[in-house]
There are 4 protein chains.
Amino acid sequence: MPDYQAILQDIHSRNLAEKSDGQVASYIPGLAQVSPDQFGIHLRTASGEDFSMGDSETQFSIQSISKVLLLAMVASTEGDEIWERVGVEASGDPFNSLVQLEYEKGIPRNPFINAGALVICDILLGLYDDPESDFLNFVRQISGIPDVRYDQSVAESEREVAFQNLAMLNLMKGFGNIHHEVDAVIRFYCAACSISMSCHGLTHAFALFMNHGKLDSGEEILTINKAKRINALMQTCGFYDESGEFSFCVGLPGKSGVGGGIAAVNPGRYSVVAWSPRLNAKGNSAAGLRALRRLTDLTGNSIF
Amino acid sequence: MPDYQAILQDIHSRNLAEKSDGQVASYIPGLAQVSPDQFGIHLRTASGEDFSMGDSETQFSIQSISKVLLLAMVASTEGDEIWERVGVEASGDPFNSLVQLEYEKGIPRNPFINAGALVICDILLGLYDDPESDFLNFVRQISGIPDVRYDQSVAESEREVAFQNLAMLNLMKGFGNIHHEVDAVIRFYCAACSISMSCHGLTHAFALFMNHGKLDSGEEILTINKAKRINALMQTCGFYDESGEFSFCVGLPGKSGVGGGIAAVNPGRYSVVAWSPRLNAKGNSAAGLRALRRLTDLTGNSIF
Amino acid sequence: MPDYQAILQDIHSRNLAEKSDGQVASYIPGLAQVSPDQFGIHLRTASGEDFSMGDSETQFSIQSISKVLLLAMVASTEGDEIWERVGVEASGDPFNSLVQLEYEKGIPRNPFINAGALVICDILLGLYDDPESDFLNFVRQISGIPDVRYDQSVAESEREVAFQNLAMLNLMKGFGNIHHEVDAVIRFYCAACSISMSCHGLTHAFALFMNHGKLDSGEEILTINKAKRINALMQTCGFYDESGEFSFCVGLPGKSGVGGGIAAVNPGRYSVVAWSPRLNAKGNSAAGLRALRRLTDLTGNSIF
Amino acid sequence: MPDYQAILQDIHSRNLAEKSDGQVASYIPGLAQVSPDQFGIHLRTASGEDFSMGDSETQFSIQSISKVLLLAMVASTEGDEIWERVGVEASGDPFNSLVQLEYEKGIPRNPFINAGALVICDILLGLYDDPESDFLNFVRQISGIPDVRYDQSVAESEREVAFQNLAMLNLMKGFGNIHHEVDAVIRFYCAACSISMSCHGLTHAFALFMNHGKLDSGEEILTINKAKRINALMQTCGFYDESGEFSFCVGLPGKSGVGGGIAAVNPGRYSVVAWSPRLNAKGNSAAGLRALRRLTDLTGNSIF
């Protein structure tokens, strides 16, 4: 096993040396007010060891990383029928694009673009009586962290500027691919995005995907096949139109959020979350990408 | 002057001989229930003579033809500033396309596609205290027909299936090009589309564009320049992605609606409305197109 | 009849007062070397009177204006079968776009975008034994100017940088819509674009479209229907993605070229050519557009 | 280690039971004449053991699988500068699309779509004196098979119908991203596609990517980093717009060709080639996809 603590120290000290010049997401106050130069990283191995550096206990808004957790919740009960309503191909386009959605008759390219996650939320609305509460419990269960909470002010701010998502919801409803009220779907979606977690907590949640669908306790949340396929989707679709770049440079399945978090897994080896709020031009954490690239360069253990 | 009555008779008898195989618009009950093989035509000359054949007094849903009347109402008070929020180019795409709207940052290609008419409605909401009532009065004034009314059941049905328009409204609001509540804009837009008029009545309303912006009374509603420019827009953008075809085959400025109506003008000579509910693949009245093509073939007086 | 000479004088003196800041086309030396601030205008009435101002006798490269003459030559012998290989709708896209061509399976939107003119050239290659020579004779005939010539150095320069056109030719050949060798088509096309004429000469050539297809001698080159339809196409498609703008602001059928020329007609009244080399962002002569807009503002006689 | 021979037998007997209804590629005679129901599979482990079933020694046209070998050849000498001329993102579009290429100014999305492989060929033309001969030697070296040959009649047929590729080459040359003559690039590209190999031979060639860039002899052809990145590209871009589907269902880096071959690797474990000529709607071998899906289902050892 590599000396992960030494590697995280190296990553952290390099991060202090390199200045990131990206901007913090600014479209809602809850994100714009975050101190930009924070940096944390946490890594958990398959054998249950934890390593961390920097601001790894600071809570941040997980934003689109919640899309993986939403998909996991659906996949924990549903079968292949979900893939009739959402695809598994990379979008090749920025994250809010309506073009493909219209061209492809309301079937989103994959569950990790906004349109796809909105469909997943719509499915969950049909499966659970109180999906907001049930989703929180699901995240608490898989992370082992009992006090995960929604940030209501972030959720509300998101709803106020959710015009692109409302456009996509209406478009998909016109194509028959949204079954509930647009307002209910957007409410649940914005709540899910607003969850605050630390690098530490999120790494524990993502251990599920590193452990082929099982909790530390041995309980199976996802079959091995489903866990592998969620990893495959993260590999090809986890970083919007920078997914190929992440796969090329880092070589791990992962998912980013505009809050500056990036979660990734090396199946059978470790899960890892890096966080730093400044984003590059594609909306992914600049320092987070560098950190994970260095991690697989130093350990030599990408999945390829 | 050509013998218009003889020409309309010829058009009408040809129409009886030729079967149209298009379908009536079926997305709302108010349109789907219309008897499909009706056909009417009315022509009014610059000197005030009226000619008609067939079901020219039957009321039909004017639908998108209202887009010209909405633009005329805006143009009657506003200046060139409206052209900062909507373009004057043909869309080259089907009438509900979100692709261009996203690519062009929420500025619709022209006021005769849905997105453009929604922006015009949004402008009217800012100019008038009671735009629904004021628009009805405007149409009554220019047509000289005092009992023009909204068809409330058609308007309601339209609102229930207006997902594409809601998608576009939200998209444009995200770009800052819709200033009022999405619900208020869609309500006004659906009301405007629901107006019922006959070929006779609509021909009188369109006499405004034939008369360079003046009513029969001599009152100027639009300057000559504004009237000419509305005609130019009808010429290039009046028939969605069949606009070039209409210009090529008929050679007049005009506007179609999915209710089966087509209004056209030969500036300085006549206004004309043909109506027949069966639509071709592009959503324009099949028999109406044939009728107007024959009209300019027989009279030899297209604008070119 | 308006006092055309006074109007041209007004246009000319305004042009001297207003500075154009556009750039001369620079992708080939033959265009880049033209002195940028030249300006000429020539107008010929239906009754055969000629009016001119400025550099109206200076030869310039007609470039894309030749597309109208190529279409006229095809239309002078062929019937509606040409419209199976090229459309009549505005492109809504810049002039070199391959996107639509691929999406629409090798059928160009209209004969006035490059792809469409290439198809017209391909048709002419099948109709004439020596199309380069025959086309020159056709232009000489309709303009009444016996010494119209190709500018071989311009034609050669065009061929050397014709990558976009070669891409389109190969794409269309893949779809079966080009029947001759790509090299033969590009050679003829570049020759046609290279023709040099003055405002005076080109106005005489375009008199054909003002005169409903007849020469001054009364000889019919095009039927009235064909002449009207070529005008309709100029109206909707003559200025690439600025066609709506020209129709909206000038209100005449017309065609521009990157050499700085703009030819337009007011059917039954006059043909007119303005020329000035500086182009706006859309590739149309900035001063030429202003001149023609002023012409129809002052005469009040656009076609609408 | 799984019992690979038993697994290949299971795959083979299932293949006999399931009828594929796809069609053999028919655009050139050399592919159209292949007997459609052949099926072969060969697997080679990291420890050098070989397993095979069916027509695993039959030569077939490797077609686009050559794109991986071309990239490996470039990567064996060049550094990151090649990524300035070709991207690393999934295309999200069918394999001949010009749309993205135009939109992205002549920079192909990745080296495994046609446009990208054409750029790689153009780079190789600048690096080698006799690239056709040198590429053959490179494939012979990495596969250990001395008699690998081009199929000249296939190469010639390809060139005769290469209109889409010529369109893309001209487009990219217009953007400055092709440095050699279009004819030279297309010649080399069509030669590379025409290589005939068996499942057996191709599996040995792909062992390079399974072995992190080293030959059996221990000789390093690619650094471990470069080998991993080629695998990452195969993972995200190896199957045109079915790349996500392959990643999702099979979970291995791989590359398909219209000759019906699919090569894939499980890094550190095995390389595998399945071949069967009938293609699905996306242009990938129908039986080959089923075979590889079953392989990772049965072994449980996808990379995720």
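Here goes a summary of the coordinates provided. (Residues numbered from 1 in each chain as written. Chains lettered and ligands numbered in written order. Predicted model: local features only at pLDDT ≥ 70, side-chain atom pairs only at ≥ 80, totals over all residues.)

Considerations on the packing of helix 5 (residues 114–127) of chain A against helix 8 (residues 163–174) of chain A
All names here are of chain A. What counts here: Helix axes are fitted to C-alpha atoms over the stretch in contact, other axes to C-alpha atoms as well, and angles between N-to-C directions run from 0 to 180 degrees. Counting from the N terminus, the helices are DSSP H or I runs at least four residues long and the strands are E runs at least two residues long. Crossings are sorted by hand: turned counterclockwise from the far helix by less than a right angle, the near helix makes the crossing left-handed, and turned clockwise it makes it right-handed. Contacts are defined on C-beta atoms placed from the backbone: any two residues whose C-beta positions lie within 7 Å are in contact. Here the nonpolar group is Ala, Val, Leu, Ile, Met, Phe, Trp, Tyr, Cys and Pro; Asp, Glu, Lys and Arg are the charged ones; every other residue, Gly included, is treated as polar.
Where helix 5 meets helix 8, the closest approach of the two axes is 10 Å, and the angle between their N-to-C directions is 60°. The element helix 5 and its partner helix 8 pack so that their crossing is right-handed. Of the residues in helix 8, those in contact with N114, A115, L118 and V119 of helix 5 are N165, M168, L169 and M172. Of the residues that constitute the contact of helix 5 with helix 8, the class distribution is six nonpolar, two polar and no charged.

Some details on the environment of F163 of chain A
The cut-off we apply is this: Counting other C-beta atoms within 10 Å of a residue's own tells you its class, since 20 or more makes it buried, 12 or fewer makes it exposed, and anything in between is partly exposed; those C-beta atoms are placed from the backbone.
Looking at the element boundaries, F163 of chain A is found in helix 8. Accessibility expressed as a C-beta count within 10 Å gives 20 for F163 of chain A, which makes it buried. Setting aside chain neighbours within four positions, we find F163 of chain A in contact with N170, L171, K173 and G174 of chain B.

Some thoughts on the interface of chain B and chain C
Facing 29 residues of chain B, the contacting portion of chain C comprises 28 residues. Of all the elements in the fold, those that place two or more residues in the side of chain B that touches chain C are helix 11 (224–237) and helix 12 (243–249) of chain B. Here the side of chain B that touches chain C gets nine residues from one element, more than from any other, and that element is helix 11 of chain B. Along the lines of polarity and charge, the residues of the side of chain B that touches chain C split into eleven nonpolar, twelve polar and six charged.

What to know about the relation of the copies chain B and chain C
Here the two chain copies are tied together by a rotation about an axis and a shift along that axis. Heads up, the rule is: Copy-to-copy alignment: least squares on C-alpha atoms, limited to residues at pLDDT 70 or above in both.
It takes a turn of 180° to lay chain B on chain C, together with a shift of 0.0 Å along the axis; the resulting RMSD is 0.0 Å. These values place the two chain copies in the arrangement generated by a two-fold rotation axis. A high fraction, 97%, of the interface residues of chain B reappear at the interface in chain C, so the copies pair face to face through one surface.

Some thoughts on the pairing of strand 1 (residues 40–45) of chain D
Residue and element names in this part refer to chain D. Basically, it comes down to this: Strand pairing requires that DSSP identify at least two bridges connecting the strands.
Where burial is concerned, most of strand 1 is hidden: five out of the six residues are buried. Alignment of strand 1 against strand 2 (residues 50–54), held across five bridges, turns out to be antiparallel. Considered in strand 2, the bridge of R44 is made with D50. Once strand 1 ends, the chain turns through four residues before running back antiparallel as strand 2, passing G48 with a positive phi of about 90°. Direction of pairing for strand 1 relative to strand 7 (residues 270–275): antiparallel, over a ladder of six bridges. For G40, the partnering residue across the bridge sits in strand 7 and is W275.

Comments concerning helix 8 of chain A
Put simply, the test is: Expected span, for any helix, means 1.5 Å times one less than how many residues it has.
Here helix 8 of chain A is twelve residues long and its end C-alpha atoms lie 16 Å apart, about the 16 Å a rise of 1.5 Å per residue gives. Most of helix 8 of chain A is tucked away: twelve of the twelve residues are buried. Residues F163, Q164, N165, L166, A167, M168, L169, N170, L171, M172, K173 and G174 of chain A constitute the buried set of helix 8 of chain A. In this fold, the buried residues of helix 8 of chain A make contact with helix 4 (99–103), helix 5 and helix 9 (182–193) of chain A together with helix 8 (163–174) of chain B.

Nothing here speaks to function; it is geometry throughout.
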